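Fold and contact review
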Amino acid sequence: MFQVRIHGRGGQGVVSAAEMLSVAAFEEGRHAQAFPSFGSERMGAPVMAFCRIDSREIRLREPVMQPNALIIQDPTLLHQVDVFSGLAPTGYILINSTRGFEELGIAEFTRKFPANHLCVVPASDLALKHVGRPLPNAALLGAFAAITGQVSFEAIANAIRQKFSGKVGEGNVAAARAAYDMANKKEAALA
Amino acid sequence: MLKQIEGSQAIAQAIALCRPEVICAYPITPQTHIVEGLGEMVKDGSLENCEFINVESEFAALSVAIGSSAAGARSYTATASQGILYMAEAVYNAAGLGLPIVMTIGNRAIGAPINIWNDHSDSMALRDAGWIQLYAETNQEAADLHIQAFRLAEELSCPVMVCVDGFILTHAYERIDIPTQKQVDDYLPPFVPVQILDVDDPVSMGAMVGPEAFMEVRYLQHHKQQRALALIPALAKEFRERFGRDSGGLLRTYHCEDAETIIVALGSVNGTIKEAVDEMRAAGKRVGSLSICSFRPFPLDEVRDALRRARRVVVLEKSLAVGIGGMLSEGVRNALSGISLKGHTVIAGLGGRAITQKALVDLLDSAARGELAHLNFLDLRWDVVKREINREQAVRRTGPLAENILRDLGTVADRIG
């Protein structure tokens, strides 16, 4: 089972991101379970959502406490919420930022993870460019597909199109594509 | 058709396939997405011959359902938490009048302190109102139980509550098989009422009944639920034949045959329990679990049969009967009358406290070691409790309890799980 925890703020599409990721996994014939952290969400408040992906039925109903991957939609949470709690030593860390791990002040912590499991993409900027609004969720899913290989980019694109129709859907797919390419390029540079 | 959808949407689609004729709704978290989904289907015309009535309160929601059901319309509503308390009088009326209304409960805690998260306090508060109560273990079962509920309600002329864990199921996106209209039509015939308000053949419903007949009317409600004990498994069997999967029934056992310790629970926590059982079985420990779907009527004989070979029984409850312990335990103890085995009640998951696989494994291990008390509270923060008790002993004017504890804890935004 592959477990993902997504951290962000109310209004950033955290719950939708988990939902779209689960749809993408479903499209590829896998079982997936996405659910929010059940808070009384408010705009700007810290929010979490979870997604589990497996090849068999998922019966576990606890929150994701030992994630295989973290998606952090807002880097200002890094010093407010214990976002890295329970992350597996071989886990993936994907952050929406224009800055690197060093500049974010977490390089010392992230050094112990495999280099190709660490990724920063400017997802808000990509969304602003392609969608016109700084909602980073779809772009981050593109980068997630690139670094983890858990789902294909095509499945992510289909899930985005199911969630958002027309121009908004295509804009989000374009943002996800750009993030996917960026993440792949970084990985190629490491190899 | 397999879909990856939110539990609430799957439930809404299943209800729509049952061709309800009146849906009354008053929004309350966490059931709101269900009636919103149905409202959209009525508005866009995909759910035909159905009137969607927005009402001013939960009391009105069920009162309208009582009226429409009495007029012969297949009627549905949904609520949660304080909502079911506000409609309590009508809940008893629907059952006393024998009207086959189906109502979803998106299970949620009851205040004070106000809490929007999941536990079973709400449906438990109305457990003895005369409604059949079915608890869903998964979202697939939640959708399927509604189809069975209309059939069950109408065959018995008795209302049915389908209890679905709020957020944990209602807000989870999962793979769910939504049946076809033909499958549901073949399973669920049109509603033929046993009593109807008809201007051409007038009757009055809701007569005043004195001591001469009140006990008989009440007894007949009990008799109906005893009939349900046979009907519920029969409908689940027919459902399996037509839809190709197991959903509903009175209860479900998991590795109980040779189990020394069996854990009993209602609803979605049974999924996590099964994972805990698998983990312990892999380590050679003889544990099993019993998921009870039908809480009213309570299947005494079947529970007795499932548990009688065990050495100890742990009943996990998502509600607290303040002053005594657990309500599910009461039924389980009744079922075990005369059988000598160790019984423990564990109160867990109140107000959305996560119930983890690790906590369940530790719990069952301590039961096997004989360390479990009669009444236990899973993952209770004793430090927090003791601090407040000390405060109460030290000063008279302690101030509001919940606020004191929140102040002690500080921000809770950083907690995961």
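In short, a report on the structure. (Residues numbered from 1 in each chain as written. Chains lettered and ligands numbered in written order. Predicted model: local features only at pLDDT ≥ 70, side-chain atom pairs only at ≥ 80, totals over all residues.)

1. Brief notes about the environment of Gly98(B)
Relative to the helices and strands, Gly98(B) resides in the loop between helix H5 (88-96) and strand E5 (102-107). Through-space distance from the C-alpha of Gly98(B) to that of Gln195(B) is 9.0 Å; in sequence the pair is 97 residues apart. (Helix = DSSP H or I, 4+ residues; strand = E, 2+ residues; numbered from the N terminus.)

2. Some words on the sheet that holds strand E6 (residues 132-135) of chain B
Residues and elements named next belong to chain B. What the seven strands build is an open sheet, ordered E3-E2-E4-E5-E7-E6-E12; its pairing is mixed. Looking along the sheet, the strands with just one partner apiece sit at the ends: strand E3 (51-54) and strand E12 (294-296). Sheet twist, expressed as the mean angle between neighbouring strand axes with direction ignored, is 20 degrees. Note that strand E2 (residues 22-25) and strand E4 (residues 75-79) share two bridges and pair parallel. Each residue of the ladder has a partner; that of Val22, found in E4, is Ser75. In the packing of helix H7 (residues 139-156) onto the sheet, contacts are made with E5, E6 and strand E7 (160-165), and the angle to E7 comes to roughly 170 degrees. (Pairing = 2+ DSSP bridges. Axes fitted to C-alpha atoms, helices over the stretch in contact; angles between N-to-C directions. Contact = placed C-beta atoms within 7 Å.)

3. Side note on the packing of helix H1 (residues 7-17) of chain B against H7(B)
Residue and element names in this part refer to chain B. Where H1 meets H7, the axes come as close as 8 Å, and the angle between the chain directions of the two elements is 20 degrees. Relative to H7, the element H1 lies roughly parallel. Viewed along their axes, H1 and H7 form a crossing whose handedness is right-handed. Touching Gly7, Ala10, Ile11, Ala14, Ile15 and Leu17 of H1 are Asn139, Ala142, Ala143, His146 and Ile147, all from H7. (Parallel < 35°, antiparallel > 145°, perpendicular 65-115°, else oblique. Left-handed = near helix turned anticlockwise from the far one by under 90°.)

4. Focus on unusual backbone geometry
Residue and element names in this part refer to chain B. In this chain, Thr29 is followed by Pro30 through a cis amide linkage whose omega measures 5 degrees. Of note, Pro30 is situated in the loop between E2 and helix H2 (32-43). Cis geometry is found at the peptide bond from Arg296 to Pro297, where omega equals 0 degrees. You can see Pro297 is positioned in the loop between E12 and helix H11 (300-307). Look at Ser81: it is not a glycine, yet its phi comes out positive at around 45 degrees.

5. Regarding the nonpolar core
Leu94(A), Ala139(A), Ala143(A) and Ala179(A) are the most contacted members of the largest nonpolar core, which totals 190 residues. At 10 residues, the largest contribution of residues to this core is made by helix H1 (residues 14-27) of chain A. For this core, the two domains that each supply at least three residues are domain 1 (2-243) and domain 2 (251-377) of chain B. Among all residues touching Ala143(A), those that are not within four sequence positions of it are Leu94(A), Cys119(A), Val121(A), Ala179(A), Tyr180(A), Met182(A) and Ala183(A). (Core = buried A, V, L, I, M, F, W, Y, C linked by C-beta atoms within 7 Å. Buried ≥ 20, exposed ≤ 12 C-beta atoms within 10 Å, placed from the backbone. Domains from an automatic or database assignment.)

6. Focus: the sheet that holds strand E14 (residues 342-347) of chain B
All names here are of chain B. Reading across the sheet, the six strands line up as E9-E11-E10-E13-E14-E15 and stay open at both edges, with mixed pairing between neighbours. Looking at the sheet topology across the chains shown, the edges are occupied by strand E9 (251-254) and strand E15 (375-377). Ignoring which end each strand starts from, the neighbouring axes of this sheet average 20 degrees apart. When strand E13 (residues 312-317) meets E14, the two strands line up parallel, connected through six bridges. From the neighbouring strand, Glu317 faces E14, where its bridge partner is Ile347. Packing against the sheet, helix H12 (residues 327-335) makes contact with strand E10 (261-265), E13 and E14, and its axis sits at approximately 150 degrees to E13.

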